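In case you want the letters, here they are:
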Amino acid sequence: MEPRKTSIYNTIDMAPQLEYYANTLPHQEIKIRPSLDVLRKTFEVSFPPVEKNISLLSFFLTLQLMRCMLNIWGVILFLRLTWITSQAGIVLGLVIIALAVSVTTTTALSISAIATNGESGTYFMISRTLGPELGASIGLIFSLANALAVALHTVGFSEVVRDLMRSYGTIMVDSLNDVRIIGVVTVTILLFITFGGMDWEAKAQIFFFIVLMASFVDYLVGTLIPPTPLKKSQGFFGYDRDIFIENLTPSWRGPDGNFFRQFAIFFPACTGILSGANISGDLKDPSTAIPKGTLMAIFCTTLSYVVIVITSGASTVRDASGNMTDLMTGNSTSGCLGPACKLGWNFTTCVQSQTCSQGLANYSQVMGLISGSYYLIVAGVFAATLSSALGFLVSAPKIFQCLCKDNVYPYISFFGKGYGKNNEPLRGYILTYLIAVAIILVAQLNIIAPIISNFFLCSYCLINLSCFHASIVNSPGWRPAFKYYNKWTALYGAMASFALMFAFTWWAALGTWFVISLLFIYITYFKRPNVNWGSSIQASSYNMALSFSVSLTDVKDHVKNFRPQCLVMTGPPKQRPALVDFVGCFTKQVSLMICGNIIMEPDKQTQFQDSTDQYVKWLNKRKVRSFYTQFTADTLRDGVRYLMQASGLGKLKPNTLVIGFKSKWMESSPTTYHFFHTLCVLRIWSNLYDNTYLLLFAANDISENSDQVKTVFKNAGGTKTIDVYWIADDGGLIVLVPYLLTRRKRWRSCKIRVFILGDEENMKESRDAMMALLKRFRINVTDVVVMTDTERSPQPKNMNKFLESVAPYRLYDEQQEGVSVQELKKKEPWKISDKQFEAFRLKSERKVRLNEIIRRNSQNTTLVLVSLPVAHGDCPSALYIAWLDALTCGLHCPAVLVRGNQENVLTFYCQ
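As named in an unreviewed UniProt entry, the protein is Solute carrier family 12 member 10, tandem duplicate 1, taken from Oreochromis niloticus. Its UniProt record, at the heading Subcellular location (unreviewed entry), says of the protein: "Cell membrane". Per UniProt, the protein carries the Sequence similarities (unreviewed entry) text "Belongs to the SLC12A transporter family."

A word on the overall build of the protein
The number of helices and strands found in the protein is 34 helices and 12 strands. By residue count, 53% of the 911 residues in the protein fall in the buried class. Here the analysis covers contacts within the protein between residues at least 6 apart in sequence; of these, 81% occur between residues at least 24 apart.

Topic: the pattern of salt bridges
By the definition in use, this model includes 17 salt bridges. Between arginine 856 and aspartate 789 there is a salt bridge, and its shortest N-O distance comes to 3.2 Å. Taken as a pair, arginine 856 in helix α33 (residues 841-857) and aspartate 789 in the loop between β8 (783-787) and α30 (796-806) lie far apart in primary sequence, 67 residues in all. What makes aspartate 789 buried here is its relative accessible area of 9%. Salt bridges sharing common partners tie together Asp789, Arg849, Glu852 and Arg856.

So, the side chain of glutamine 836
Looking at the secondary structure, you find glutamine 836 in helix α32 (residues 834-839). For glutamine 836, a relative accessible area of 17% gives the class buried. Engagement of the side chain of glutamine 836 in a polar contact is seen with the backbone nitrogen of serine 833, the distance being 3.2 Å.

Quick word on the pairing of strand β2 (residues 593-600)
Every other side chain in a regular strand lies on the same face of the sheet, so the side chains alternate between the two faces. For β2, the buried fraction is high: 8 of the 8 residues fall into the buried class. Along β2, one buried face is formed by Met593, Cys595, Asn597 and Ile599 and the opposite face, lined by Ile594, Gly596, Ile598 and Met600, is buried too. Note on the crossover from strand β1 (residues 566-569) through helix α22 (residues 577-587) to β2: the handedness is right-handed. Judged from the 7 bridges that link them, β2 and strand β3 (residues 627-633) form a sheet pairing that is parallel. By the bridge assignment for β3, isoleucine 599 is matched with threonine 632.

A few points about the pairing of strand β7 (residues 751-757)
With 5 of 7 residues buried, β7 is to be regarded as a mostly interior element. Where strand β6 (residues 721-725) lies against β7, 5 bridges are found, and the strand directions are parallel. Paired with tyrosine 725 across the bridge in β7 is phenylalanine 755. Handedness of the crossover joining β6 and β7 through helix α28 (residues 733-741) is recorded here as right-handed. Here β7 runs beside β8; their pairing, made up of 5 bridges, is parallel. In the sheet register, arginine 753 faces β8, and the bridge partner there is aspartate 783. The β-α-β motif built from β7, the intervening helix α29 (residues 763-776) and the parallel element β8 has right-handed crossover chirality.

Structural notes on the state of the cysteines
Within this structure, the stated rule accounts for 2 disulfides. Sulfur-sulfur distance for the disulfide between cysteine 336 and cysteine 341 comes to 1.7 Å. Looking down the S-S bond of the cysteine 336 and cysteine 341 bridge, the torsion is -90 degrees, so its handedness is left-handed. Grouping residues by exposure puts cysteine 336 and cysteine 341 together as buried. Across the disulfide from cysteine 350 sits cysteine 356; the S-S distance is 1.9 Å. Taking the sign of the S-S torsion, 80 degrees for the link of cysteine 350 and cysteine 356, the bridge is right-handed. Neither residue differs from the other here; cysteine 350 and cysteine 356 are each classed as buried. Within the protein, bonded cysteines paired by disulfides and numbered along the sequence follow the pattern 1-2, 3-4.

Here we look at the environment of lysine 764
Position of lysine 764 relative to the elements: it lies in helix α29. Counting along the chain gives 21 residues from lysine 764 to valine 785, while the straight-line C-alpha distance between them is 9.8 Å.

Re the nonpolar core
Judged by nonpolar contacts, the single largest core of 130 residues is most densely connected at Phe78, Phe266 and Tyr305. Sorting elements by how many residues they give to this core places helix α6 (residues 132-167) first, with 16 residues. For phenylalanine 78, the contacting residues outside a window of four places in its chain are Leu212, Ser215, Ser364, Met367, Ile377, Gly380, Val381 and Ala384. Counting residues in each nonpolar core, the second largest holds 46 residues, with Phe582, Phe713, Leu741 and Ile752 among its members.

A few points about the packing of aromatic side chains
Across all of its chains, the model carries 33 aromatic pairs by this definition. The interplanar angle of 75 degrees and the centroid separation of 5.5 Å between the aromatic rings of tyrosine 374 and tyrosine 375 together place this pair among those described as edge-to-face. For tyrosine 374, a relative accessible area of 26% translates into the label partly exposed. Taking the relative accessible area as the measure of exposure, tyrosine 375 reaches 51% and is therefore exposed.

Here we look at α30
Along α30, the residues that are buried comprise Asn798, Met799, Phe802, Ser805 and Val806. End-on view of α30: buried residues confined to an arc of 115 degrees, all on one side of the axis. Relative to its buried face, α30 has exposed residues pointing more than 90 degrees away, namely Pro796, Lys797, Lys801 and Glu804. In this fold, the buried residues of α30 make contact with β9 (810-811), β10 (832-833), α32, α33 and α34 (877-888).

Some remarks on unusual backbone geometry
The phi dihedral of glutamine 354 falls on the positive side, at around 55 degrees, and the residue is not glycine. Relative to the helices and strands, glutamine 354 resides in the loop between α14 (348-353) and α15 (366-370). Glutamine 354 sits in the exposed class, given a relative accessible area of 75%. In this structure, asparagine 407 takes a positive phi of about 55 degrees despite not being glycine. With respect to the secondary-structure elements, asparagine 407 resides in the loop between α16 (374-406) and α17 (426-440). Exposure remark for asparagine 407: the relative accessible area of 45% places this residue in the partly exposed category.

So, a nonpolar patch on the surface
Among the surface-exposed residues, Met172, Val173, Ile181, Val185 and Ile189 lie close enough to one another that they form a single nonpolar patch of about 430 Å² accessible area. Looking at where isoleucine 189 falls in the secondary structure, it is placed in helix α7 (residues 175-195).

Considering α29
The end-to-end C-alpha distance of α29 is 20 Å, a good match for the 20 Å that 14 residues give at a rise of 1.5 Å each. Positive backbone phi, approximately 65 degrees, marks arginine 778, located one or two places after α29.

A short note on the side chain of aspartate 581
Topologically, aspartate 581 is positioned in helix α22. With near-sequence residues (within four places) excluded, aspartate 581 lies in contact with Arg622, Val624, Thr711, Phe713 and Lys714.

Some remarks on the packing of helix α11 (residues 259-266) against helix α19 (residues 487-504)
Interhelical geometry of α11 versus α19 gives an angle of 115 degrees and a closest axis separation of 9 Å. By the criterion of interaxial angle, the relationship of α11 to α19 is roughly perpendicular. Between α11 and α19 lies a crossing whose hand is left-handed. Of the residues in α19, those touching α11 at Phe260, Phe263 and Ala264 are Leu500, Ala503 and Phe504. Broken down by class, the residue content of the contact of α11 with α19 amounts to 6 nonpolar, no polar and no charged.

Quick look at the packing of α30 against α33
Running from N to C, α30 and α33 point in directions that differ by 125 degrees, and their axes come no closer than 10 Å. Taken together, the axis directions place α30 and α33 in an arrangement best described as oblique. α30 and α33 meet at a crossing whose hand is right-handed. Residues Asn798, Met799 and Phe802 of α30 pack against Ser844, Glu845, Val848, Glu852 and Arg855 of α33. Tallied by class, the residues present in the contact of α30 with α33 amount to 3 nonpolar, 2 polar and 3 charged.

Concerning a positive patch on the surface
A cluster of basic residues, Arg528, Lys623, Arg625, Lys710, Lys745, Arg746 and Arg748, forms a positive patch on the protein surface. Overall, the relative accessible area of 53% leaves arginine 625 in the exposed class.

Each value, and the rule that gives it
Residue numbers here run from 1 along each chain, matching the order of that chain's written sequence. In keeping with the model being predicted, local features are shown solely for residues with a pLDDT of at least 70 and side-chain atom pairs are shown and tallied solely at 80 or more, while totals for entire chains, interfaces and linings include all residues. The side-chain quantities take in all heavy atoms of the structure and omit both hydrogens and water. UniProt positions are given in the numbering used here, feature names are shortened, and annotations may be inferred rather than shown by experiment. Helix and strand definitions here come from DSSP, where helices need a minimum of 4 consecutive H or I residues and strands a minimum of 2 consecutive E residues; each element is numbered from the N-terminal end. When accessible area is computed with a 1.4 Å probe and restricted to protein chains, residues below 20% of their type maximum are described as buried, those above 50% as exposed, and intermediate ones as partly exposed. Residue contacts are defined here by distance: any two heavy atoms, one from each residue, within 4.5 Å place the two residues in contact. Between Lys or Arg on one side and Asp or Glu on the other, a salt bridge is scored when a side-chain nitrogen of the former is within 4 Å of a carboxyl oxygen of the latter. As used in this structure description, the phrase polar contact means that two N or O atoms lie within 3.5 Å; if the pair is within protein, one of them must be able to donate a hydrogen and the other to accept it, and residues adjacent in sequence are counted only when both atoms belong to side chains. With its strands directed away from the observer, a crossover is right-handed exactly when the path from the first strand over the helix to the second travels clockwise. In this scheme, strands are said to pair when DSSP sees at least two bridges between them. Cysteine sulfur atoms are paired as a disulfide whenever they fall within 2.5 Å. To qualify as a nonpolar core, a set must consist of buried Ala, Val, Leu, Ile, Met, Phe, Trp, Tyr and Cys residues joined through side-chain atoms within 4.5 Å. Pairing of aromatic rings covers Phe, Tyr and Trp, the last counted by its six-membered ring, and requires centre-to-centre distances within 6.5 Å; plane angles under 30 degrees mean stacked, over 60 mean edge-to-face, and any other angle means tilted. The arc in question is the one spanned by the directions pointing from the helix axis to the C-beta atoms. Patch construction takes residues with relative accessible area above 30% that form no salt bridge. Like charges are linked within 9 Å, and nonpolar side chains (Val, Leu, Ile, Met, Phe, Trp, Tyr) are linked within 5 Å. Throughout, the Shrake-Rupley method with a 1.4 Å probe supplies accessible areas, and for residues the shown protein chains are the sole cover considered. In this analysis, the expected span of each helix is defined as 1.5 Å times one less than the number of residues it contains. Axis definition: a line fit to C-alpha positions, over the contact stretch in the case of helices; interaxial angles, taken between N-to-C directions, run 0 to 180 degrees. Roughly parallel means an angle under 35 degrees; roughly antiparallel means over 145; roughly perpendicular covers 65 to 115; every other angle is labelled oblique. Note on convention: near helix rotated counterclockwise from far helix by under a right angle means a left-handed crossing. Clockwise means right-handed. When residues are grouped by polarity, Ala, Val, Leu, Ile, Met, Phe, Trp, Tyr, Cys and Pro land in nonpolar, Asp, Glu, Lys and Arg in charged, and all others, Gly among them, in polar. Only four residue types enter the charge count, namely Lys and Arg as positive and Asp and Glu as negative; His and the chain termini do not. Each charge is placed at NZ for Lys, CZ for Arg, CG for Asp and CD for Glu.

Structure (structure tokens):
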């Protein structure tokens, strides 16, 4: 028990504690600091003492070293290393060891760096660094590699047991099936040991380590004992200069007789370096134990490999018969082949007939031959193979359990369920057991070893890549306590591992990376897990975005690269889905889109309770690529003004303002109406935003507060047309928008029609000129229609309807009693005086007439775009909004009013 540590400022203001920083670890209870609001409002309180939870299960550096050495030493050490020496020779054998160790050492340095950057196992190292896209897939590959390693070492054990049985004349079926039977029985026994939990497994590993060290000492002692005649007949003569020189160079034999094949067979002897990292959660101090234990284990095991290659190559010939009759009785060596001739033995007959059964090249248990006690070496083989098999049988399910708990892939969570106080993955043990049994049935080490090497190399490649990537992106969160690593050595490890995969077994390498690619595509484009691991991929994305954004500031704007970067005044986006969908259609993967929400002071308390994250999630779920930003202001007008100036970054700033048209504008109260219309009227901002384009969206069939999920812009446009009423030349934005729309899949079949003003006398010339212009702009339109009747008077019923809409906002001179119109205008500036109404009567009639033409020509279109009229400085806002309503009323499709800033957004020049 210990008292809770608090700050001297306040008893609930905590001093720095580990618990508040551990909430980023997986599957741990989150502890949250008191908020600033709580600190301001809460009085001093006292806390009772709390219990300090200490884990009962802890391992020390010695256990980490022992576990790594046991997993590195294995079947290859006793059954294949001397054979590899005979094939590659001492020199190339040492080169193979050096290359393998260079890969494992660089990987160990990367492991140490990543492990000391946080508490985690191998899977968490990779996944939390590379993210779920690559991390989850390599976690699956790595757990499979561990399961296959169980089979490799079990088969090695079975071969030794089979040979022992045959030496006593016991054969169950035949050579191959005996290995299968023994292997299945052995892995079944190991499975029941793992069911006993980590305590049983740890005790078994300690016993195996003692036996293994004793067998290694026995081997070294055996090299110094003068050999018996029987051992000489089997090829062991003790240290000899001629034998050493003969075995320096390679002697490739059989289908495995090449450098990379021997390298592939040897490499599993170096693959136990992650055993400590796999159980880092059980270590008392992983940040110290993993680097020291892993690197010391690599040094010790590498030294043992070098000693065995040199000692066996200096004392044993490649070919021997095992027959005592090959002892030479005379001094003549005529016709005798090999270094054994000078030592009194003639193995020429079996060498020439290729029937030799003994020697480095033919006998897999040369270490037992050289040793002082053959049975102690056999015990060492049992210890090495069983300890490695047991270690991998424990680590594979634990890695897979972590992957299952992340719930990245479907249908695998069943195997992640833990049992008992140590959360043992019993179902994972059974799955690993079944995979191991399937591979044991192959029963051939030389086939299994290269495949396992492929999977481990893939894992090492990704681990080194994780370390290199985390180092290169300079993330502030990358602070490993282990300093003896370098990003370039990590890159070497990644590249070497990748190259060796294809050098060993190219078809297995292709298959592995193909599977990883499929899993990557699945996670990236289909699954999209809702996780945030703070990976180096995220840090890299930030660096790239920042770098490109800064570099853009030096790039001058060019008309060829113009993109409509839209600030869309959606409010809460889910309240105006049609507006969001419309802009998303032509900005997705093309340009910037920002959804803006102005929060008034009266709504501040209620609206700020809704998190910004939920709106971003809504946009992502709707597959709209947009930012969301909210701004607090006293008025809507001020909020939009400030948001236009503050939003964006560098060149990534809005140049196009998109707002929704309020269909029921006449029902609004004068105050709300005033604010709304000052937002919509272009004249308010004409001096402020000379470089801003305006898109006014009017969808008469969509309510501004609609919560519907599907809008007209989520449906396919079909083969209908998009009608563009290019009334005023503002730079071409009104033509660019429909072109961008038709690049989308839903709108690809739509045809564009352009309507322009003209007269009957020059109709053909006007049409041909516009067609030529659009052709030079490389915008494909199906037709250009010249409107020759726009100056006719509108129908009386339509004009009367317009007059009725503005009547509530008229200031009739004859109705005023003692109050001047000027005083009323100051009080209600949005209203229309008789003088203003008459001054703009012709413009009003033109808007009504244009609406009649639009309704006549565009009743069955998908979308209508109309040039937005520019309001005169003296035009009242009520009259202007009535014009916009008159332009778009009566249509059965969405209408967009577009106005550029009189600068070109289209060009037909190359420069």
